[in-house]
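Here's the letter readout for the chains.
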Amino acid sequence: MAPSGPGGVRRRCRRVLYWTPVVFIGLLLGWSYYAYAIQLCLVSMENIGEQVLCLIAYHLLFAMFVWSYWKTIFTLPMNPSKEFHLSHAEKELLEREPRGEAQQEVLRRAAKDLPIYTRTMSGAIRYCDRCQLIKPDRCHHCSVCDKCILKMDHHCPWVNNCVGFSNYKFFLLFLAYSLLYCLFIAATDLQYFIKFWTNGLPDTQVKFHVIFLFFAAAMFSVSLSSLFAYHCWLVSKNKSTLEAFRSPVFRHGTDKNGFSLGFSKNMRQVFGDEKKYWLLPTFSSLGDGCAFPTCLVNQDPEQPSTPAGLNPTAKNPENHQFPAKPLRESQSHLLTDSQTWIESTSNPGKGKSGMSNPALTMENET
Ligand SMILES: [Zn+2]
Ligand SMILES: [Zn+2]
């Protein structure tokens, strides 16, 4: 057996602790099944028609809820592809360079053929010191997973997983089906809940289950509906939770809607082109998670419109165009509603000479 110090034991304990919220949800779900299907439907309901209808609808929602929850938990988050990792020579060069600007030059050269449009707040190439890679747009380092996660949304303790490009659709469906599950239980349990207050229920353990089932379903419905509404708004604007809190910074300035392509295309980016898959927790999001089309004008002349070695148009060439030509000024809201910031290509450090190391400016990520 491999020796493990106190650090290893702590890490293992932490890993077990991280599963606590998932176990809690699992137990709650198990109890809700017993309370609804057995105690409410089979024991309390007298009408056969009502019984059958409720049981069929309940099992359908239960299955979709468990399926999407399962997929959100067990779909591994995607990490940047090898094109974004520095080569051995580049890593050595980076370590050798003492100055921030020289290091930035190494990174700029390494990022030359990559489809990167976002920068750090100080205008530097986004680099993850820990993973030693150039961060693709919308990618962030998760301190819990200790990895760079593509299109990271947030690290969710309720699924003990990072919600990002690989499972964001599953997470949305999990919210939707769990909300429907709770609303359905609350709605069909309501008349039996009222019966309790009018002493219409027999004084058995059924009473306990019917009351708590209603309270739990109503309480979760309220919190889930606000979270689901928030994520629907994020999808419609093509933002991640992290981007909603801190707008992405592009080479030419900050733009809170930099990735938004309009409602329909934003929806399709997450759910895919084929509507028949929209409600199923199967992967159908567009793209590869490393490159995203933007609505920006004044594309960086140094960057290619499509990455070498990457093929973001593979799934749907029509919807994954990287703007090869700048849009006209009149077509862009960028010039009107976001702060612009002009950066000289020949002197990217301009105006920031007081910074000790702009090249390796790390973002304070969650
Ligand atoms: Zn990282
Ligand atoms: Zn994470």
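Note that the coordinates shown come from a computational prediction; the quantities given were computed from them, not determined experimentally. Within any chain, residue numbers begin from 1 and follow the written order of that chain's sequence. As they are written, the chains are lettered A onward and the ligands numbered 1 onward, keeping that order. Predicted model: local features are reported for residues with pLDDT of at least 70 only, side-chain atom pairs are reported and counted for 80 or more only, and whole-chain, interface and lining totals are derived from all residues.

Q: I tried to follow unusual backbone geometry on my own but got confused; where do I start?
A: With the exception of glycine, most residues fall at negative phi, and the peptide bonds are largely trans. Unusually for a residue other than glycine, R138 sits at a positive phi of about 70°. By definition, any uninterrupted DSSP run of H or I lasting at least four residues is a helix, any uninterrupted run of E lasting at least two residues is a strand, and each is numbered from the N terminus. Position of R138 among the secondary structure elements: in the loop between β3 (133-134) and β4 (140-142).

Q: Even after reading the chapter, I still don't get the packing of helix α2 (residues 20-44) against helix α7 (residues 205-236), so can you show me in this structure?
A: The description of two packed helices rests on the angle between their axes and on the distance between the axes. Between α2 and α7, whose axes approach to 10 Å, the crossing angle comes to 125°. Between α2 and α7, the crossing angle belongs to the class labelled oblique. For the pair α2 and α7, the crossing hand works out as left-handed. Judged by residue contacts, S32, A35, Y36, Q39, L40, V43 and S44 of α2 engage V206, H209, V210 and L213 from α7. Side-chain classes are defined by residue name, with Ala, Val, Leu, Ile, Met, Phe, Trp, Tyr, Cys and Pro counting as nonpolar, Asp, Glu, Lys and Arg as charged, and the others, Gly among them, as polar. Taken together, the residues that form the contact of α2 with α7 break down as seven nonpolar, four polar and no charged. Under this scheme, a helix contributes an axis fitted over its contacting stretch, all axes are lines through C-alpha atoms, and angles between N-to-C directions fall in the 0 to 180 degree range. Put simply, angles under 35 degrees are roughly parallel, angles over 145 are roughly antiparallel, angles from 65 to 115 are roughly perpendicular, and the rest are oblique. A crossing counts as left-handed when the near helix is turned anticlockwise from the far one by less than a right angle, and as right-handed when that turn is clockwise. Whether two residues are in contact depends on their C-beta atoms, placed from the backbone: they are in contact if these lie within 7 Å.

Q: I would appreciate a short explanation of the UniProt feature "transmembrane region" (unreviewed entry) in the protein chain in the present structure.
A: UniProt positions are given in the numbering used here, feature names are shortened, and annotations may be inferred rather than shown by experiment. Per the UniProt record, "transmembrane region" (unreviewed entry) is annotated on residues 16-36, 48-70, 170-188 and 208-230. The straight-line gap between the two end C-alpha atoms of residues 208-230 is 33 Å; of that span, 100% is helix and 0% is strand.

Q: It is not clear to me how the sheet that holds strand β8 (residues 249-250) should be interpreted in this structure. Could you clarify?
A: The pairing of strands in a sheet comes from backbone hydrogen bonds and takes either a parallel or an antiparallel form. Pairing between two strands requires that DSSP report at least two bridges joining them. The three strands are arranged β1-β8-β9 in an open sheet whose pairing can be described as antiparallel. The open sheet has two edge strands, β1 (118-119) and β9 (253-254), and neither has a second partner. Relative to β9, β8 is paired through two bridges, and the arrangement is antiparallel. Across the sheet, residue V249 finds its bridge partner in β9, namely T254.

Q: What is the right way to look at helix α1 (residues 6-18) in this model?
A: Count 3.6 residues to each turn of an α-helix, and residues three or four apart come out pointing the same way. What a helix is expected to span follows from its residue count: subtract one and scale by 1.5 Å. For α1, which comprises 13 residues, the first-to-last C-alpha distance of 18 Å matches the rise-based estimate of 18 Å (1.5 Å per residue) to within 8%. In this scheme the burial state of a residue depends on its C-beta neighbours within 10 Å: 20 or more other such atoms mean buried, 12 or fewer mean exposed, and anything in between means partly exposed; the C-beta positions come from the backbone. Here α1 lies mainly on the outside; zero of its 13 residues are buried.

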